[in-house]
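# Examining the three-dimensional arrangement
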Amino acid sequence: MTYVDDELNSQPECWTRAAGEAARHTAALPAAGERVAIVGCGTSYFMAQSAAALREDAGLGETDAFAASEFPRGRAYDRVVALTRSGTTTEVLELLTELKGRTRTVALTADPETPVMSAADDVVVLDFADERSVVQTRFATTALTLLRAHLGLHTDAVVADARAALAAELPEGLVERTQFTFLGRGWTVGLANEAGLKMREASLSWTEAYPAMEYRHGPISISTAGTATWMFGEAPDGLAEQVRDTGAMWVPGELDPLAELVRAQRLAVAVAAARGLDPDRPRHLTRSVFLAP
């Protein structure tokens, strides 16, 4: 049993706790009508993409997502939300320091003993979702759950779907595939991007991710009998049939998309095990990226 096994299996409990605590963080989190940017690096950036799309689609205000290193310095925001599990990521800390005193900032982190506690104006600590594995699972989804709950978009059905995602067998033959493509629409594009990252990190798999409607504009050409194409959320009309016509395996999104991400995390761990890899310690990666001056 790896750390990541334990951590991904604890997600239903983490989500329930985060949703229950969302109300007490209302003052720190974006208010309706604010112009907001959400930033992060790696997994946190993809969660930022999903959170930004959810907030804007809900009509609560213009919301953008950026990799922390690509934040547009000349653009004005009412509030900047930073997602950082470790609280030590160089690009995030540099951005928060630069914004100090001119843009309200809030950080969601797992570790209250790190520099982000003083770098941001407000901090939401999700220490119960911290992780020992380098590969992120529960912190990322718990942070997104907190933001969904803050937006009024979380329900108990999401947790039930997460439990179903953990209990059900993965589709037969999925682990043996040699190439994985993840597709999303709207807020689930970020989830598809994160699923691809999990597969690359944990199992060194050939994976790609796209907005679903873009898949037919070139990427579908790589599909073969060794491909699995996984949809997060509702698929565009006719896409499943087109994918099957290539010989690829079509995996429909049957659960809440965040619960589908849990299934994809399980796949990453299963493929890693099949290949004799340690998903807790991906090659060339560390828990946090700290860039020396």
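Residues numbered from 1 in each chain as written. Predicted model: local features only at pLDDT ≥ 70, side-chain atom pairs only at ≥ 80, totals over all residues. Heavy atoms only, no water.

With that out of the way, let us pick up the overall build of the chain. Within the chain, the regular secondary structure consists of 10 helices and nine strands. Its C-alpha atoms give the chain a radius of gyration of 18 Å, within 12% of the compact-globule value 19 Å for 293 residues. With respect to the three principal axes, the spread of C-alpha positions in the chain is 55 × 40 × 40 Å. Across the 293 residues that make up the chain, the buried fraction comes to 58%. For the chain, the proportion of contacts with a sequence separation of at least 24, taken over those separated by at least 6, is 71%. Approximately 12100 Å² of the chain is accessible, and the part contributed by carbon and sulfur atoms is 51%. For the chain, the distance from the average position of its 27 positive side-chain charges to the average position of its 40 negative side-chain charges is 2 Å. (Helix = DSSP H or I, 4+ residues; strand = E, 2+ residues; numbered from the N terminus. Rg over C-alpha atoms; globule rule 2.2 N^0.38 Å. Buried < 20%, exposed > 50% of the residue type's maximum accessible area, 1.4 Å probe, protein only. Contact = heavy atoms within 4.5 Å. Areas by Shrake-Rupley, 256 points an atom, 1.4 Å probe, with all protein chains shown as cover. Lys, Arg positive; Asp, Glu negative; His and termini not counted. Charge placed at Lys NZ, Arg CZ, Asp CG, Glu CD.)

In this structure the tally under the stated criterion is 15 salt bridges. The salt bridge involving Glu98 is made with Arg102; its shortest N-O contact spans 3.5 Å. With a relative accessible area of 49%, Arg102 lands in the partly exposed category. In this structure, Lys198 engages Glu194 in a salt bridge whose closest nitrogen and oxygen atoms are separated by 2.4 Å. With Lys198 and Glu194 both in helix α8 (residues 188–203) and four residues apart, this pair spans about one turn of that helix. Each member of the pair, Lys198 as well as Glu194, carries the same accessibility label: buried. What you see here is one network of salt bridges that share partners, running through Arg17, Glu21 and Arg24. (Salt bridge = Lys/Arg side-chain N within 4 Å of Asp/Glu carboxyl O.)

This part covers unusual backbone geometry. Unusually for a residue other than glycine, Leu204 sits at a positive phi of about 55 degrees. Summarising the element assignment, Leu204 is placed in the loop between α8 and β7 (206–211). The exposure class assigned to Leu204 is partly exposed, which follows from its relative accessible area of 37%.

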